[in-house]
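Structural characterization, general
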Amino acid sequence: MDLRSLRYFCAAAELGSITAAAEHCHVAQPSISNAVAQLEAEFALRLFSRSRRGVSLTPAGRDFHQQARQLLRNAEQVEARFKQRRRSPLQLGIHRELASRDSAWLVQLLSRSLPDHQLEVRSQPQQPPALWLTSARRVPAGYRFVSLLDQQYHLLAPRGWPLPQPLALEAALDYPWIDRLDCEQRAALLSRLPQLSEHCLLQVDTEDLAMSLVQHQQGVTVMALSDDTEGLPADIQAHSLQGLVPAELLGRQLGVALREDIDAGVAQALGLQ
């Protein structure tokens, strides 16, 4: 007995015809007849009554059909659970300046949106990847952008460091400044507060390093945050810049940039037609 014979038998039983079962299973009629004959011989059972109108199950055949159908359902469940699905590789580039907490969240979101693809994440891809995790302001030429996460800029300081409320950016000058070279709004912020350069204690080129330095009470910095990602460490306090900078400088959008020649199915899955 094998699963193929059981499938052929069940098709004949449910369609009431050897011919119809052959058409349904896309095989020649003798394949169905031989499978039924082998089952009848193996189990010493008469499974079908035959007539000009087709075939019908005998009482023994009805019991056998119930068991055969259950076996096939079990086989389908095992296959669905354990058989590895082949996924098409899809390279995803990521700017290393992007904070790990943000990139991890975005990769997870993309993975759920593209279940038929295996994402190959590279921080320094050798060739232009199909997808880039980036911000709206840094979309490379030849790519289309899909926004996935909105963020707002905040002043970050170690918890316990006093800052006047309501907050004034000039208050940051009372503390050492951690200059983030990767920050998209760095030039705009320095043009508004050029004194920050004089108070610069450290220059860093990643969000993760800047966050760690604030956590270790080395200074204050500005960073974009989102409610949709993991919260800040308990020893860091965030102060909104709402009303302190122009609206166009207050936030940023993170998302995925798709290469213009990307597969239409991928574009559709990510919201581009």
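You'll find the structure just up there.
Criteria and cut-off values
Per chain, residue numbering runs from 1 following the sequence as it is written. Residues qualify for local features only when their pLDDT is at least 70, as the model is predicted, and side-chain atom pairs are given and counted only at 80 or more; totals for whole chains, interfaces and linings, by contrast, use all residues. Side-chain numbers here rest on the full set of heavy atoms in the structure, without hydrogens or water. Angles shown run from 0 to 180 degrees and are taken between the N-to-C directions of axes, each axis being a line fitted to C-alpha atoms and, for helices, limited to the stretch in contact. Numbering of helices and strands runs from the N terminus; a helix is a DSSP stretch of H or I covering at least four residues, while a strand is a stretch of E covering at least two. Any angle from 65 to 115 degrees is called roughly perpendicular, while one under 35 is roughly parallel, one over 145 is roughly antiparallel, and all others are oblique. Each crossing is labelled by how the near helix is turned from the far one, with a counterclockwise turn of less than a right angle marking it left-handed and a clockwise turn marking it right-handed. The contact criterion used throughout is that any non-hydrogen atoms of two residues lie within 4.5 Å. Under the convention adopted here, Pro, Cys and the residues Ala, Val, Leu, Ile, Met, Phe, Trp and Tyr are nonpolar, Asp, Glu, Lys and Arg are charged, and Gly plus all remaining residues are polar. Given a helix with a known number of residues, its expected span is that number minus one, times 1.5 Å. Salt bridge, as applied in this entry: a Lys or Arg side-chain nitrogen positioned within 4 Å of an Asp or Glu carboxyl oxygen. Relative accessibility under 20% of the residue-type maximum defines a buried residue, over 50% an exposed one, and the middle range a partly exposed one, all with a 1.4 Å probe and only protein chains included. Whether two aromatic rings pair depends on their centres lying within 6.5 Å, for rings of Phe, Tyr and Trp, where Trp uses its six-membered ring; planes under 30 degrees apart make the pair stacked, over 60 edge-to-face, and the rest tilted. The nonpolar core is taken to be a set of buried Ala, Val, Leu, Ile, Met, Phe, Trp, Tyr and Cys residues, with the residues joined through side-chain atoms within 4.5 Å.

**Concerning the packing of helix α1 (residues 3–15) against helix α2 (residues 18–25)**
Two elements in contact, α1 and α2, have axes separated by 8 Å at closest approach and are oriented at 125 degrees. Judged by the angle between their axes, α1 and α2 are oblique. Relative to α2, the crossing made by α1 is right-handed. On the side of α1, the interface is formed by Y8, A11, A12 and L15, while α2 contributes I18, A20, A21, H24 and C25. Among the residues forming the contact of α1 with α2, the class breakdown is eight nonpolar, one polar and no charged.

**Re the environment of S31**
Within the secondary structure, S31 is located in helix α3 (residues 29–43). With 13 residues separating them along the chain, S31 and I18 place their C-alpha atoms 9.5 Å apart.

**Overview of α3**
Helix length check: α3 (15 residues) gives 22 Å between terminal C-alpha atoms against 21 Å at 1.5 Å per residue, within 8%. Positioned one or two residues after α3, A44 has a phi angle of 55 degrees, which is positive.

**Looking at the pattern of salt bridges**
For the structure shown, the criterion picks out 11 salt bridges. Of the charged contacts, one joins E207 and R252 as a salt bridge, the two residues approaching to 2.7 Å between their closest N and O atoms. Note that E207 is positioned in helix α7 (residues 207–215) and R252 in strand β11 (residues 251–259), a separation of 45 residues in sequence. As a salt-bridge pair, D261 and R259 come within 2.6 Å of each other at their nearest N and O atoms. Its relative accessible area of 57% is what places D261 among the exposed residues. Accessibility expressed as a relative area gives 28% for R259, which makes it partly exposed. One continuous salt-bridge network, built from bridges that share partners, spans D102, R137, R180, D182, E184, E207 and R252.

**Considering the packing of aromatic side chains**
One pair of aromatic rings is described through two measures. These are the centre distance and the angle between the planes. Tallied over the full model, the rule gives four aromatic pairs. Between F9 and F48, the aromatic rings sit 5.4 Å apart at their centres with planes inclined by 45 degrees, giving tilted as the arrangement. Of this pair, F9 sits in helix α1 while F48 sits in strand β1 (residues 48–51); the two residues are 39 residues apart in sequence, bridging distant segments of the chain. What makes F48 buried here is its relative accessible area of 1%. Aromatic rings pair up to connect F9, F43, F48 and F64 into one cluster.

**With respect to the nonpolar core**
Soluble, globular proteins show a tendency: their nonpolar side chains are buried together. Counting residues in each nonpolar core, the largest one holds 24 residues, and the members touching the most others are L155, W177, V220 and L241. Sorting the residues of this core by element identifies β6 (143–158), α6 (186–192) and β9 (221–225) as the ones contributing at least two each. When residues of this core are assigned to their parent elements, the largest contribution, three residues, is made by β6. If you look at the next biggest cluster of nonpolar residues, it comprises 21 residues, including Y8, C10, I18 and A22.

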